[in-house]
Amino acid sequence: MKVIFTCGGTAGHVNPALALAGYMRKKDPTVEVLFVGTPEGIERDLVTQAGYDYRGIAVGSLERSVSWEAIRHNCKSAWEMLALRRKTGAILKEFPADLVVGTGGYASYPMVKYAALRGIPTAVHEANMIPGLTTKMLEKHASRIMVGFEECRALYKHPERIAVTGTPVRGDFFDLTHEEAKAALGMGKDEPLVVSFWGSLGASTMNGQMLDFFKKEKEDGYPFYHIHAVGGRGWETMQQEMQKAGLPGSHKLDVRKYIYDMAVVMRAADLVICRAGASTISEITALAVPTIIVPSPYVANNHQEKNARILAQHGGACLIREEESSGEKLYRTARDILGSPTRLASMSRGMAELGILDATERIYNTVMELVK
């Protein structure tokens, strides 16, 4: 069997495709896999590092504003789109796929659409609660749309084509138990751990709030362990500000540029403070870890807040909008949650209601039904 995976833009789009490709190869080592994405996107690096063949095609993005610049940009993208049928046709001639799976990003649109028009079975995975623009455009073409939550089904025009699969989480997140992960970090099993991060690049506003958070921890004598990832942007500024404030004043506060051992750290966490990106949502629900979520207001369709509201409705997360957030509020909320074993247990149950541990297997079964 020959399978094309097409995705792009973010690691959150690429990782589900890599998880499924690996699972397919495990089930049948003879499966041939090709990835298609943008020529220079992050997907190229992730895919080639994983050892898969890759083809790049240029796909113009769409601007949502009505400015003249946006109109010119969209006209250029539309012109580029006219050439994509020929480009995707060339790829399908070279690699006659039995199945095409798109996992998000503009790069997935032409490959899924034109494969579907040729009668090739196609599937799209949408990790966010609200379907993105690419998924909306592909709904009438794709054989199946795979989503993360049952609540998503009502948002589609063809609910009969929807399969609730969840979003794959890396297997190493479950290599250790909660207690073993804490031991690996040099902590006792009863010592609470807060883990906070705002994405690989960071977020200047939220990192500024975390600096106030750190000061509150110091004032209270560091009542819990805390690992925070600043991200690439603002790392030097954070170091300077912490030095001015005499931070960290304890080994219990561990501020890093990145969390490279994320699987261990997340597994050890008693409380997470984070954004509401799709990959993060799948991880915290699979791990059933209580969370304080501050959705990014800088994303299309405000989809992070919509992701977060599902978790809050199930009682697994405390949702704080960025404009209502502060370092003191985040600290007070974290301290109150950790101080209530009953609330922690209730939030964990709420997360577990949404966690799908067999997402990769569900996705595999869904797409394989299309090629029987």
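The structure we're discussing is the one just above.
Residues numbered from 1 in each chain as written. Predicted model: local features only at pLDDT ≥ 70, side-chain atom pairs only at ≥ 80, totals over all residues. Heavy atoms only, no water.

Now for the side chain of Lys113. If you trace the backbone, Lys113 turns up in helix H4 (residues 108–117). The exposure class assigned to Lys113 is buried, which follows from its relative accessible area of 19%. What Lys113 contacts, discounting residues up to four positions off in sequence, is Leu138 and His141. (Helix = DSSP H or I, 4+ residues; strand = E, 2+ residues; numbered from the N terminus. Buried < 20%, exposed > 50% of the residue type's maximum accessible area, 1.4 Å probe, protein only. Contact = heavy atoms within 4.5 Å.)

For the rest of this paragraph, the subject is the packing of helix H12 (residues 327–338) against helix H13 (residues 341–354). Look at H12 against H13: their axes get within 6 Å of each other, and the N-to-C directions meet at 95°. Judged by the angle between their axes, H12 and H13 are roughly perpendicular. In this structure, H12 contributes Asp336, Ile337 and Leu338 to the contact, and H13 contributes Arg343, Leu344 and Met347. Here the contact of H12 with H13 is built from residues that sort into four nonpolar, no polar and two charged. (Axes fitted to C-alpha atoms, helices over the stretch in contact; angles between N-to-C directions. Parallel < 35°, antiparallel > 145°, perpendicular 65-115°, else oblique. Nonpolar A, V, L, I, M, F, W, Y, C, P; charged D, E, K, R; others polar.)

If you look at the biggest cluster of nonpolar residues, it comprises 64 residues, and the most contacted ones within it are Ile4, Val195, Met266, Val272, Ile284 and Leu311. Setting aside chain neighbours within four positions, we find Val272 in contact with Val195, Phe197, Met266, Ile284, Val289, Pro290, Thr291 and Ile292. The next biggest cluster of nonpolar side chains, apart from the first, holds 30 residues, and it includes Trp198, Ala203, Phe214 and Val230. (Core = buried A, V, L, I, M, F, W, Y, C linked by side-chain atoms within 4.5 Å.)

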